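# Descriptive structure summary
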Amino acid sequence: MLLNPNNLQRKYPDKRSAEIMQATVDFFESMGKARLKKDDHDRTWYSDFLNHVAQNRIFASLLTPATYGADDCRWDTYRISEFAEIIGFYGLSYWYPFQVTALGLGPIWMSDNEDAKRKAAAQLEQGEVFAFGLSEQTHGADVYKTDLILTPSEHGWVANGEKYYIGNANVARMVSTFGKIEDTSGSPEYVFFAADSQHDRYELKKNVVNSQNYVANYALHDYPVTEADILHRGPGAFHAALNTVNVCKYNLGWGAIGMCTHAFYESITHAANRHLYGTVVTDFSHVRRLLTDAYVRLIAMKLVATRASDYMRSASANDRRYLLYSPLTKAKVTSEGERVITALWDVIAAKGVEKDTFFETVAREIGLLPRLEGTVHINIGLLGKFMPNYLFAPDAELPLIPRRDDAADDEFLFAQGPTGGLGKVRFHDWRAPFDSYAHLPNVALLREQVDVLTEMLASATPDAVQQKDIDLAFGVGQLFATVPYAQLILEEAPLSGVDEVLIDEIFGLLVRDFNSYAVELNDKSATTDEQARFALRMIRRPVHDRARYEQIWKDHVLPLNGAYEMRP
């Protein structure tokens, strides 16, 4: 189940996809860990990686829709996800330029500006990267607010204002920049336009982070904008901003999976070959539990993200289930990644800060992913909009989505249309995958917990005041998020051939997590007495099976000792 660069196992319907993955692994393994770590500590701009991407046409193949690229080009979420996992495996600094290139391309591919699309495709072939100029220092990524203003001029407009926290904006020749057009009516309209970082009216003010990445604060000073530069005007610009994030926030989960996987190999190999107090470290019961929990969480993360890809690829105007599964992957998978690293750190202790370990890099960076593309609170809050229909109004007409690993272009992701209407999105019956595994004791227990949650929401529904309380909404949202998270695990398990022993151990963890969320809800000041009673009714003791636990340790966890080590 876990990525091992020495043995890439994903199967593709085309030779080119496998070549991209293998070439990327070969680049990093040829670099070696010592050089990887030195560049990290020296904050070296990764021009060699970007040269590798250019020479091998990697971004061109992966990020150009088929209509605008060569025969090997398509936007294929299935293969993009493995690439995101691989570059995350070697460090967030290499995942990041890929991610912000994808973001920068979003408003372009969603545009009606055909010349801009052909220009972007040509630049991808030349090895250029892209940038997404949305955030501002004062407003963050609040799309309702922007102080970057376009005013009319003789040949179009001139743009003035600043953007902040914009990756790749030091080199990108097309920076998709969000702003407003001022007019005499006093009702400015939103706009997305392409700016060039090398233009003399584009001021690169500084790098706002202390890392290999260049995350820019840039300013436009009477920057000339013509009709040819315009990507979107009016409501379309607003929708393009949100729809781009809908597509790309999903990638954050794969970045976390890659980082955690590399850290896991390093951690178990260290622990299994170290003696303390006359005992092999992996013979300590607490170490076995930490490593097993970390492994089980990591497998669950990968199952969720893999299954979510199928819904992303199968999306349509009539099937918008992806709008739940993309923020779910972003919020839950990345925050689970933090929990994995915390558990592993408790195993390797001081080793986790040694400068020569890969773990030191991961420990420093894993917390970024839950806090990019909207915080966990924002994304869990977003999930709440889907909760009534998901739990109480399943749609039996929705199709059963198969594995989507075919060589198809995910065209709908750039034709999502207007945002909004999340409360109208319908879902298939979440109970069906639970029923398929109802014979597993911990799956049955989680189902009981969810049944109490639905009873609470039906008979002790949070009132209007409570629903505006973000802290309370987050507490309920964490409980709800566990349901589609579990559903995706159960749907993916047979597709990935995961044995039932591992599934039940995963659900033992989910039962424990659900318990902790229920206790938190019980403790919140905004929770009513009736809701608190429901919260305590949700608590269940997981079924502990010693034979199952030992089998997972022996067959799944311990064999990863020495299974992978990066070249020196």
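Residues numbered from 1 in each chain as written. Predicted model: local features only at pLDDT ≥ 70, side-chain atom pairs only at ≥ 80, totals over all residues. Heavy atoms only, no water.

If you look the protein up in an unreviewed UniProt entry, it shows as Caffeyl-CoA reductase-Etf complex subunit CarC from Mycobacterium simulans. As its UniProt record puts it under Cofactor (unreviewed entry), the protein is described as follows: "FAD". The UniProt entry for the protein carries the following comment under Sequence similarities (unreviewed entry): "Belongs to the acyl-CoA dehydrogenase family." (UniProt positions renumbered as here; feature names shortened; annotations may be inferred.)

## Focus on the pattern of salt bridges
For side chains of opposite charge, pairing can occur when their charged atoms come near one another. Under the definition given, this model contains 54 salt bridges. One salt bridge connects D14 with R79, and the closest N-O pair in it is separated by 3.8 Å. Here R79 lies in helix α5 (residues 77-89) and D14 lies in the segment before α1 (15-31), a separation of 65 residues in the sequence. Residue D14 shares its accessibility class with R79, and that shared class is buried. Of the charged contacts, one joins K38 and D42 as a salt bridge, the two residues approaching to 2.7 Å between their closest N and O atoms. Here the residue K38 and the residue D42 both occupy positions in helix α2 (residues 33-42), the gap between them amounting to 4 residues, near one helical turn. (Salt bridge = Lys/Arg side-chain N within 4 Å of Asp/Glu carboxyl O. Helix = DSSP H or I, 4+ residues; strand = E, 2+ residues; numbered from the N terminus. Buried < 20%, exposed > 50% of the residue type's maximum accessible area, 1.4 Å probe, protein only.)

## A word on the UniProt feature "domain: Acyl-CoA dehydrogenase/oxidase C-terminal" (unreviewed entry) in the protein
Mapped onto this structure's residue numbering, the UniProt feature "domain: Acyl-CoA dehydrogenase/oxidase C-terminal" (unreviewed entry) falls at residues 238-385. Here residues 238-385 is 71% helix and 3% strand, with 19 Å between the C-alpha atoms at its ends.

## With respect to empty space enclosed by the protein
Scanning all chains against the criterion turns up 3 cavities of 30 Å³ or more. In this structure, the largest cavity spans a volume of roughly 70 Å³. Around the largest cavity sit L36, K37, D40, Y90, G91, L92, S93, Y94, Q212, F358, T361 and E365, which together line it. At the level of secondary structure, the elements contributing two or more residues to the lining of the largest cavity comprise α2, α6 (92-109) and α12 (358-365). By residue class, the composition of the lining of the largest cavity is 5 nonpolar, 4 polar and 3 charged. (1 Å grid on protein atoms, 1.4 Å probe; cavity = no way out; pocket = protein on both sides within 12 Å on 5 of 7 lines; lining within 4 Å. Points joined across faces, edges and corners; volume = space filled by probe spheres on them. Nonpolar A, V, L, I, M, F, W, Y, C, P; charged D, E, K, R; others polar.)

## As for the packing of aromatic side chains
Enumeration over the complete set of coordinates arrives at 34 aromatic pairs. Arranged with centres 4.9 Å apart and planes meeting at 80°, the rings of F28 and Y94 form a pair that is edge-to-face. Residue F28 is found in helix α1, and its partner Y94 is found in helix α6; the two are separated by 66 residues along the sequence. An identical accessibility class is assigned to F28 and Y94; each is buried. With a centroid separation of 6.0 Å and an interplanar angle of 70°, the aromatic rings of W345 and F359 are classed as edge-to-face. Of the two residues, W345 sits in helix α11 (residues 322-348) while F359 sits in helix α12, which places them 14 residues apart along the sequence. Take W345: its relative accessible area is 33%, and that puts it in the partly exposed class. With relative accessibility at 0%, the residue F359 sits in the buried group. Clustering of aromatic rings is evident, with ring pairs tying together F27, F28, W45, Y46, F49, F89, Y90, Y94, Y265 and Y564. (Phe/Tyr/Trp six-rings, centres within 6.5 Å; stacked < 30°, edge-to-face > 60°.)

## Quick notes on helix α10 (residues 285-313)
In this model α10 runs 43 Å from its N-terminal to its C-terminal C-alpha over 29 residues, within 8% of the 42 Å that 1.5 Å per residue would give. Counting buried residues in α10 gives 24 out of 29 residues, a clear majority hidden from the surface. (Expected span 1.5 Å × (residues − 1).)

## Notes on the nonpolar core
F264, I506 and F507 are the most contacted members of the largest nonpolar core, which has 173 residues in total. At 15 residues, the largest contribution of residues to this core is made by α10. Apart from the residues within four sequence positions on either side, F507 is in contact with F434, N442, V443, L446, A486, I489 and L490. Of all hydrophobic cores here, the second largest spans 21 residues; its members include V175, Y214, A216 and Y223. (Core = buried A, V, L, I, M, F, W, Y, C linked by side-chain atoms within 4.5 Å. Contact = heavy atoms within 4.5 Å.)

## Section: the domain arrangement of the protein
The domain boundaries assigned to the protein delineate domain 1 (15-129), domain 2 (133-233) and domain 3 (376-394 + 428-545). A separation of 42 Å is found between the C-alpha centroids of domain 2 and domain 3. (Domains from an automatic or database assignment.)

## Describing helix α20 (residues 529-537)
Taken as a whole, α20 has its buried residues at Q531, A532, F534 and A535. The arc that holds every buried residue of α20, seen down its axis, measures 160°, which confines them to one face. Counted as exposed and oriented over 90 degrees from the buried face of α20: D529 and R533. Among the structural elements, α16 (441-459), α17 (464-467) and α19 (500-523) are those in contact with the buried residues of α20. (Arc of directions from axis to C-beta.)

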